[in-house]
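Observations on the model geometry
The chain contents come next:
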Amino acid sequence: MEENSKKDHRALLNQGEEDELEVFGYRDHNVRKAFCLVASVLTCGGLLLVFYWRPQWRVWANCIPCPLQEADTVLLRTTDEFQRYMRKKVFCLYLSTLKFPVSKKWEESLVADRHSVINQALIKPELKLRCMQVQKIRYVWNDLEKRFQKVGLLEDSNSCSDIHQTFGLGLTSEEQEVRRLVCGPNAIEVEIQPIWKLLVKQVLNPFYVFQAFTLTLWLSQGYIEYSVAIIILTVISIVLSVYDLRQQSVKLHNLVEDHNKVQVTIIVKDKGLEELESRLLVPGDILILPGKFSLPCDAVLIDGSCVVNEGMLTGESIPVTKTPLPQMENTMPWKCHSLEDYRKHVLFCGTEVIQVKPSGQGPVRAVVLQTGYNTAKGDLVRSILYPRPLNFKLYSDAFKFIVFLACLGVMGFFYALGVYMYHGVPPKDTVTMALILLTVTVPPVLPAALTIGNVYAQKRLKKKKIFCISPQRINMCGQINLVCFDKTGTLTEDGLDLWGTVPTADNCFQEAHSFASGQAVPWSPLCAAMASCHSLILLNGTIQGDPLDLKMFEGTAWKMEDCIVDSCKFGTSVSNIIKPGPKASKSPVEAIITLCQFPFSSSLQRMSVIAQLAGENHFHVYMKGAPEMVARFCRSETVPKNFPQELRSYTVQGFRVIALAHKTLKMGNLSEVEHLAREKVESELTFLGLLIMENRLKKETKLVLKELSEARIRTVMITGDNLQTAITVAKNSEMIPPGSQVIIVEADEPEEFVPASVTWQLVENQETGPGKKEIYMHTGNSSTPRGEGGSCYHFAMSGKSYQVIFQHFNSLLPKILVNGTVFARMSPGQKSSLIEEFQKLNYYVGMCGDGANDCGALKAAHAGISLSEQEASVASPFTSKTTNIQCVPHLIREGRAALVSSFGVFKYLTMYGIIQFISALLLYWQLQLFGNYQYLMQDVAITLMVCLTNQCISLCEAAALVL
């Protein structure tokens, strides 16, 4: 293949976690095509069938390699271990078909966005673009960069000012038409597969083609009854498979059908407002958010603020506040401005806007960022339409063994030819009998028998309220030897209970206020912070929001009312006024008005608000967040000297600890405040104290973890919570057995003259400051089995340390993971990465989470089990309606039962085929063969044995956890 036909394999990137694709260019060759046509006729279509199974062979046979810019056919190859090929045709879009004249001058841009791929991809003066469609995503050939690039989205290279200035007034009608032609409709269309197409795909399976050849041969030799019996079983199997696929297609179609029927209002440049169908939206359109609204695209908020329900993405129906993208005058890409926190500006497709808050300068506006299958919901649907193939040893070994049986059949074919030719049998009968012997080795009912255990397991899982969208993974569950658990909502209760507050005064912690006394928090700046520093909203008279915020607010006994206030351009306009309730402590303040909000994010680990106390002219800043993070933003003289010891005293007891801080802004009016950056607001604060919350274990947690431990299945905790709290929960649940040593692994990033370093600390001896004691231990590739005698230790680390070790001490990481049990403060991306690292150590990994921030890890695991009923669970192979971890042993038990059944049936049927093959060899020596009814009775016996095997699955299930 020519070197220039292979371009950068990063030219095509599938959305989400999919692998990259290598791209190869080819051009049709008439002589080769004619030769393949003749060969197809001579083989009665057999060559076309081979090309259907191996698309790369079709390309290699019909085409010649060429540079990508000249290619009319593109061959794509995945870079994973499967090396799958896809063949795609390159087509052209002609802008001359548009109603308005398009400039053919080289110096004039087609669209206003200078970063747009469309400008770089347009070929002048022909006015055409070369495109291809890969897994519902459209790509155009960028002649400047010599690669295919996605369209249907705004380029990430746009800066904040680019988005505001280029798209702030909307697109012209002409630019909309160009983008509609190039990007395609904003629609997530899932076709209900016609029955005939599903039937053809099933019948063209290599095994069914071989079976059709076999049955045709048998019928020609008079094996009528035997062949008819096999045909009936095969037809029933195909019909059931087609019905199941059709039902899945209908369900997925119904899931996304309403997405394409939304009426939206946009701003057209120089024309004003215009109503149209959402399928006509293009990247760059200005979308008006009227109120309660289901988003038909991904969009970035540029004016006003809104509250959305992102349950479709996160699994939690918790209102999330979105803030407008700032107008920063720099060339930095807009995502880099907010780093991982850029999502706070983005409204994702499929989520629901439940409240909008205009800025006072007009309606709430958002720029369409991505359309169609490029969106968040489109990515979710694509992950269902194009699942990653399963790399399961049972299936690969089964395929290898069937190939071995086929080789035996080929040997038998030549044996039969020799025997019959030796005895002078006519050539026609010789070939026929040799072909019959070729078909004996592979049992016709083998595929159905291998899946029957899964069918029974899936039915029993449904009775236990565990639903499966990928039945092939049930067998995988039988080999799980490591299960990762989220903490909050999975191992522990969803809600948090208030335990108490620990205020500070004169640089010292004061006596704790216990909520068990039934009294509300006394008035103080700490009480004001608890009442105002949250993201709660008042919706239809009901306070909604994060459960932690809700519990904290309820502890103050204050109440929330609606009001309309001015807003800050840099933050969220919060139209709430908070007043003391009837049961609140006596307060000198009549009300607190929250003016601006800087929302919480997992990367920042904090949130803050700017509020005004009724009757005062100045403003107050209140912050809450992770104690270690909040302390960094406070003046050191206000943080008690025993802060680390006090924090540890609560976290080791398993409490969830939140810190609060405050400062006064000496400014007279809101116009002065609105120009303050978040960094300026969140500085030089006064430490107020700690809020202590209790997170109890679910009653089923300890018993299930014990059951898994007895079955020699390793358990690991992956959480975004505090490290000490996670360790305590692990000890209380006996994930870390009593008497085991816990070693905290801390890693520091390299600095100017100091390399990256790793330290090891026993939890019992953990100290702070430069005098901390380092522990040096041997980390082998195996550890003493848990629960047995001898030294047993468990590693615990934070997401920050994991990232440093991953980047700078990669050879050490596997040794840590072998004994790692607690991973805290982990971001969603780090959770997925950790799952993949475990898989590299040959673990079969299960992941159980509640859907919130666990979607990536649920997809990455061999068996992801979602405890959420939201749409995010669609991407997880298994979903449990029972929101506790009892589903995990149920799933493993059924997986082991199905796996045992599959092994048993496979061994039985393959041994039967070999015995029948040897028997036929002996009969052929004397020119004899089985009779018609002998074959029929043998297959009836096989069917009865298969049924008997499945009746025994219940017995296998009872013994499954002991295997």
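Criteria and cut-off values
Residues numbered from 1 in each chain as written. Predicted model: local features only at pLDDT ≥ 70, side-chain atom pairs only at ≥ 80, totals over all residues. Heavy atoms only, no water. Helix = DSSP H or I, 4+ residues; strand = E, 2+ residues; numbered from the N terminus. Buried < 20%, exposed > 50% of the residue type's maximum accessible area, 1.4 Å probe, protein only. Contact = heavy atoms within 4.5 Å. Areas by Shrake-Rupley, 256 points an atom, 1.4 Å probe, with all protein chains shown as cover. Phe/Tyr/Trp six-rings, centres within 6.5 Å; stacked < 30°, edge-to-face > 60°. Salt bridge = Lys/Arg side-chain N within 4 Å of Asp/Glu carboxyl O. Expected span 1.5 Å × (residues − 1). 1 Å grid on protein atoms, 1.4 Å probe; cavity = no way out; pocket = protein on both sides within 12 Å on 5 of 7 lines; lining within 4 Å. Points joined across faces, edges and corners; volume = space filled by probe spheres on them. Nonpolar A, V, L, I, M, F, W, Y, C, P; charged D, E, K, R; others polar. Patch = residues over 30% accessible without salt bridge, like charges linked within 9 Å, V, L, I, M, F, W, Y side chains within 5 Å. Pairing = 2+ DSSP bridges. Axes fitted to C-alpha atoms, helices over the stretch in contact; angles between N-to-C directions. pLDDT = per-residue confidence, 0-100. Lys, Arg positive; Asp, Glu negative; His and termini not counted. Charge placed at Lys NZ, Arg CZ, Asp CG, Glu CD. Parallel < 35°, antiparallel > 145°, perpendicular 65-115°, else oblique. Left-handed = near helix turned anticlockwise from the far one by under 90°. Polar contact = N/O pair within 3.5 Å; in protein donor to acceptor, adjacent residues only side chain to side chain. Core = buried A, V, L, I, M, F, W, Y, C linked by side-chain atoms within 4.5 Å. Disulfide = S-S within 2.5 Å.

A separate point is the overall build of the protein. When you go through the protein residue by residue, the secondary structure sums to 31 helices and 41 strands. With 963 residues in all, the protein has 53% of them scored as buried. A fraction of 70% describes how many contacts in the protein between residues 6 or more apart in sequence connect residues 24 or more apart. Of the accessible surface of the protein, which amounts to about 43,500 Å², a share of 57% is contributed by carbon and sulfur atoms.

The subject of this paragraph is the packing of aromatic side chains. Evaluation of the coordinates by the stated rule reveals 14 aromatic pairs. Aromatic side chains Tyr 793 and Phe 795 sit 5.4 Å apart centroid to centroid with 65° between the ring planes, which places their arrangement in the edge-to-face category. For the pair Phe 838 and Tyr 843, a centre-to-centre distance of 5.9 Å together with 85° between the ring planes defines the contact as edge-to-face. Summarising the burial analysis for this pair, Phe 838 and Tyr 843 share the class buried.

Another aspect to go through is the pattern of salt bridges. Across all of its chains, the model carries 26 salt bridges by this definition. Among the ionic pairs, Arg 382 bridges to Asp 379, the shortest N-O distance being 3.8 Å. Linking Arg 382 with Asp 379, this pair stays in helix 12 (residues 376–385), spanning three residues, or about one helical turn. Judged on exposure class, the residue Arg 382 and its partner Asp 379 are both buried. A salt bridge links Arg 893 to Glu 707; the shortest N-O distance between them is 2.7 Å. Separated by 186 residues along the polypeptide, Arg 893 in helix 29 (residues 887–925) and Glu 707 in helix 23 (residues 701–710) bring together distant segments of the chain. For Arg 893, a relative accessible area of 15% gives the class buried. Taken together, the shared-partner salt bridges in this structure form one network comprising Asp 28, Lys 33 and Lys 89.

Moving on, we come to helix 14 (residues 427–440). With 14 residues, helix 14 ought to run about 20 Å at 1.5 Å a step, and its terminal C-alpha atoms sit 20 Å apart, in line with that. Burial analysis of helix 14 places 10 of its 14 residues in the buried class, which makes it a mostly covered element. Where helix 14 is concerned, the buried positions are Thr 430, Thr 432, Met 433, Ala 434, Leu 435, Ile 436, Leu 437, Leu 438, Thr 439 and Val 440.

Glycine aside, residues mostly have negative phi, and peptide bonds are mostly found in the trans state. In this structure, Asn 507 is a non-glycine residue whose phi angle is positive, near 65°. By the secondary structure assignment, Asn 507 is in the loop between strand 22 (497–505) and strand 23 (508–509). Here Asn 507 falls in the partly exposed class, since its relative accessible area comes to 26%. A positive phi angle, close to 70°, is found at Asn 842, a residue other than glycine. Turning to its location among the elements, Asn 842 is positioned in the loop between helix 27 (828–840) and strand 39 (845–849).

Across all of its chains, the model carries three cavities of 30 Å³ or more by this definition. One number sums up the size of the second largest cavity: a volume of about 40 Å³. Around the second largest cavity, the lining residues are Ser 116, Val 117, Ile 118, Lys 150, Val 151, Gly 152, Leu 153, Glu 155, Arg 179 and Cys 183. When residues of the lining of the second largest cavity are traced back to their parent elements, those giving at least two are helix 4 (117–121) and helix 6 (173–183). Partitioned by chemical class, the residues of the lining of the second largest cavity number five nonpolar, two polar and three charged.

This part covers a nonpolar patch on the surface. Judged by side-chain polarity, Leu 219, Ile 224, Val 228, Ile 231, Ile 232, Val 235, Ile 236, Val 239 and Leu 240 come together as a nonpolar surface patch covering roughly 720 Å² of accessible area. The element contributing the most residues to the nonpolar patch is helix 9 (residues 224–257), with eight residues. Mapped onto the fold, Val 235 is located in helix 9.

A separate point is the sheet that holds strand 38 (residues 820–824). Spatially, 20-41-40-39-21-34-38-37-35-36 is the arrangement adopted by the 10 strands of the open sheet, whose pairing is mixed. The open sheet has two edge strands, strand 20 (466–468) and strand 36 (757–762), and neither has a second partner. Shown here is a sheet whose adjacent strand axes are inclined to one another by a mean of 20°, direction ignored. Sheet topology places strand 20 next to strand 41 (residues 878–880); three bridges connect them, and they run antiparallel. Residue pairing for strand 41: Ile 466 is matched across the bridge by Ser 880. Running over the sheet, helix 25 (residues 799–808) touches strand 35 (741–748), strand 36, strand 37 (793–798) and strand 38 and is turned about 65° from strand 35.

So, about the confidence of the model for the protein. In low-pLDDT segments, the atomic positions of the prediction should not be examined closely. Of all residues in the protein, 83% have pLDDT values of 70 or greater, and the mean over the chain is 79. In the model, residues 564–574 has pLDDT below 50 throughout and makes 42 contacts with residues more than four positions away in sequence or in other chains.

Attention now goes to the sheet that holds strand 9 (residues 147–150). Taking strand neighbours across the sheet as the criterion, the four strands line up as 6-7-8-9 in an open arrangement whose pairing is antiparallel. Both outer strands of the open sheet, strand 6 (91–94) and strand 9, are each paired with one neighbouring strand and no more. Mean inter-strand twist for the sheet, computed between neighbouring axes without regard to direction, equals 40°. Examined bridge by bridge, strand 6 and strand 7 (residues 128–134) share four bridges and lie antiparallel to one another. Pairing of Cys 92 across the sheet is with Arg 130, part of strand 7. Taken strand by strand, helix 6 contacts strand 6, strand 7 and strand 8 (137–142), and its axis lies near 105° from that of strand 8.

Okay, a positive patch on the surface next. Residues Lys 251, Lys 459, Lys 462 and Lys 463 make up a contiguous surface patch of positive charge. Per-element tally for the positive patch: the top contributor is helix 15 (residues 446–463), with three residues. With respect to the helices and strands, the residue Lys 462 is situated in helix 15.

Bringing the packing of helix 17 (residues 525–532) against helix 18 (residues 547–556) into the picture now. Two elements in contact, helix 17 and helix 18, have axes whose closest approach is 8 Å; the angle formed by their N-to-C orientations is 135°. Relative to helix 18, the element helix 17 is oriented oblique. Both helix 17 and helix 18 take part in a crossing whose hand is left-handed. Contacts between helix 17 and helix 18 involve Cys 527, Met 530 and Ala 531 from the first element and Met 552, Phe 553 and Thr 556 from the second.

With that out of the way, let us pick up the side chain of Arg 138. When you line up the elements, Arg 138 lands in strand 8. No salt bridge is formed by the buried Arg 138; its nearest oppositely charged neighbour, Glu 189, is found at 9.8 Å. Here Val 182 takes part through its backbone oxygen, which lies 2.9 Å from a polar atom of the side chain of Arg 138. Ignoring any residue separated from it by four or fewer positions in sequence, one finds Arg 138 in contact with Phe 91, Leu 93, Cys 131, Met 132, Gln 133, Gln 149, Lys 150, Val 151, Leu 181, Val 182, Cys 183 and Gly 184.

Our next topic: the environment of Leu 154. Position of Leu 154 relative to the elements: it lies in the loop between strand 9 and helix 5 (160–167). When the C-alpha positions of Leu 154 and Leu 369 are compared, they lie 5.4 Å apart, and in sequence the two are 215 residues distant. Beyond its immediate sequence surroundings of up to four residues, Leu 154 is in contact with Phe 167, Arg 179, Pro 283, Gly 284, Val 367, Val 368 and Leu 369.

Phe 485, Ile 727, Val 822, Phe 878, Ile 885 and Val 888 are the most contacted members of the largest nonpolar core, which totals 40 residues. When sequence neighbours within four positions are dropped, the list of residues in contact with Phe 485 reads Thr 490, Leu 491, Leu 705, Leu 708, Thr 715, Val 716, Met 717, Ile 718, Met 735, Cys 848, Ile 885 and Val 888. Residues Leu 482, Leu 762, Leu 834 and Tyr 843 belong to the second largest nonpolar core, which totals 33 residues.

Moving on: the state of the cysteines. One pass over the full model with this rule turns up zero disulfides. Not engaged in a disulfide, the cysteine Cys 183 finds its nearest cysteine sulfur in Cys 131; these two sulfurs lie 9.7 Å apart. The exposure class of Cys 183 is buried, given its relative accessible area of 12%.

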